[in-house]
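A closer look at the structure
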Amino acid sequence: MLSEFISIYITQIEAFLVIAIICIQISVFIKTILKIQQYKNSIPTTDNLSLVEIKISNDQASQVDPLEIVKNINNYNLNNGEIEEINIDASDISIIKCSSQTPLVFDEILNAINTYLLRNRFSSPDFNLIKDIIERNTDNLEEEINLTISVPLYLGLMGTMLGIIIGLFGMGDIVSSSNFDSISGSISPLLNGVKIAMFASFTGLLLTIIKSGWLYRSSRMNIESKKNNLYTFIQVNLLPALNKDLNSTFESLQRNL
């Protein structure tokens, strides 16, 4: 009677611990899914990107925050017809603007690229540097996902080991006993613990497969496609415009001299 009560008590403890581990697995799974979704949407489609030509003085380009320049683009836009005079100490610059709502990651990318364009307006643009800006910002999100993507699996293995350990402690001394019923009753807590703990391993394996084999893989393919389209946009649209702006700046400087 006592052994049965102990077996039931140990089984309840194991069930409680496994349920707690499964809840933690689901919590980590949801957080990782949100990170994967953020990673997937970190770069918008190139349909929402455009080049804006601005004329800005050297003092403004050095002192004004590029985000403020982008927010108040009409004050510098060459096409809005509001600029009345052309300052000799001014440069024509093409910057990237997104027409849709952008996530925080792409805001940082856009800010860094436009800052580079403004600060290096008198030099030839370096595509590899612009590419590095994009890669570093997206790699940060990817690293965060990789750190948590296998956590449910590890938690499941930990739950299984915990169930085995608790079952072993509940077995008692079966070596010194020659009674078959006593031996069977001692093994019962171990078997029950393993059966219950296997739910944690199964849940962890299932969640990890869903994340890594389906959601994360499709998101990574999607973001790689968007990055390639963004690189193409920069090479085909931005770089020729920057070289044109740089040549026009030198021509204007030559005329003024």
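Scroll up for the structure.
Owing to the predicted nature of the structure, the values given are computational and were not obtained by experimental measurement.

Counting across every chain of the model gives five salt bridges. Arg220 is the salt-bridge partner of Glu142, the closest N and O atoms lying 3.1 Å from each other. With a gap of 78 residues between them, Glu142 in helix H5 (residues 127-148) and Arg220 in helix H7 (residues 180-256) connect regions that are remote in the sequence. What makes Arg220 partly exposed here is its relative accessible area of 39%. Lys227 serves as the salt-bridge partner of Glu224, at 3.3 Å between the closest nitrogen and oxygen. Of this pair, Glu224 and Lys227 both sit in helix H7, three residues apart, which is roughly one turn of the helix. By relative accessible area, which is 2% here, Lys227 ends up buried. Three or more residues joined by partner-sharing salt bridges are found here, namely Glu135, Glu224 and Lys227.

Summarising the element assignment, Asp65 is placed in the loop between helix H2 (58-63) and helix H3 (66-71). For Asp65 and Asn111, which are 46 residues apart along the polypeptide, the C-alpha to C-alpha distance reads 9.1 Å.

With that settled, the discussion passes to the packing of aromatic side chains. Taken as a whole, this structure holds two aromatic pairs when the rule is applied. Geometrically, the ring pair formed by Tyr39 and Tyr216 is tilted, given 6.3 Å between the ring centres and 40° between the ring planes. Placement of Tyr39 in helix H1 (residues 2-40) and of Tyr216 in helix H7 is noted, with a sequence separation of 177 residues between them. Each member of the pair, Tyr39 as well as Tyr216, is classed as buried. Pairing Phe127 with Tyr231 gives two aromatic rings, centres 6.0 Å apart and planes at 85°, and the pair type is edge-to-face. Within this pair, whereas Phe127 is found in helix H5, its partner Tyr231 is found in helix H7, the two being separated by 104 residues in sequence. When its relative accessible area of 8% is taken as the criterion, Tyr231 is described as buried. The ring of Tyr231 carries the charged tip of Lys131 above its face, separated from the ring centre by 5.5 Å.

Conventions we followed
- Residues numbered from 1 in each chain as written.
- Predicted model: local features only at pLDDT ≥ 70, side-chain atom pairs only at ≥ 80, totals over all residues.
- Heavy atoms only, no water.
- Salt bridge = Lys/Arg side-chain N within 4 Å of Asp/Glu carboxyl O.
- Helix = DSSP H or I, 4+ residues; strand = E, 2+ residues; numbered from the N terminus.
- Buried < 20%, exposed > 50% of the residue type's maximum accessible area, 1.4 Å probe, protein only.
- Phe/Tyr/Trp six-rings, centres within 6.5 Å; stacked < 30°, edge-to-face > 60°.
- Lys NZ or Arg CZ within 6 Å of the ring centre and 35° of its normal.

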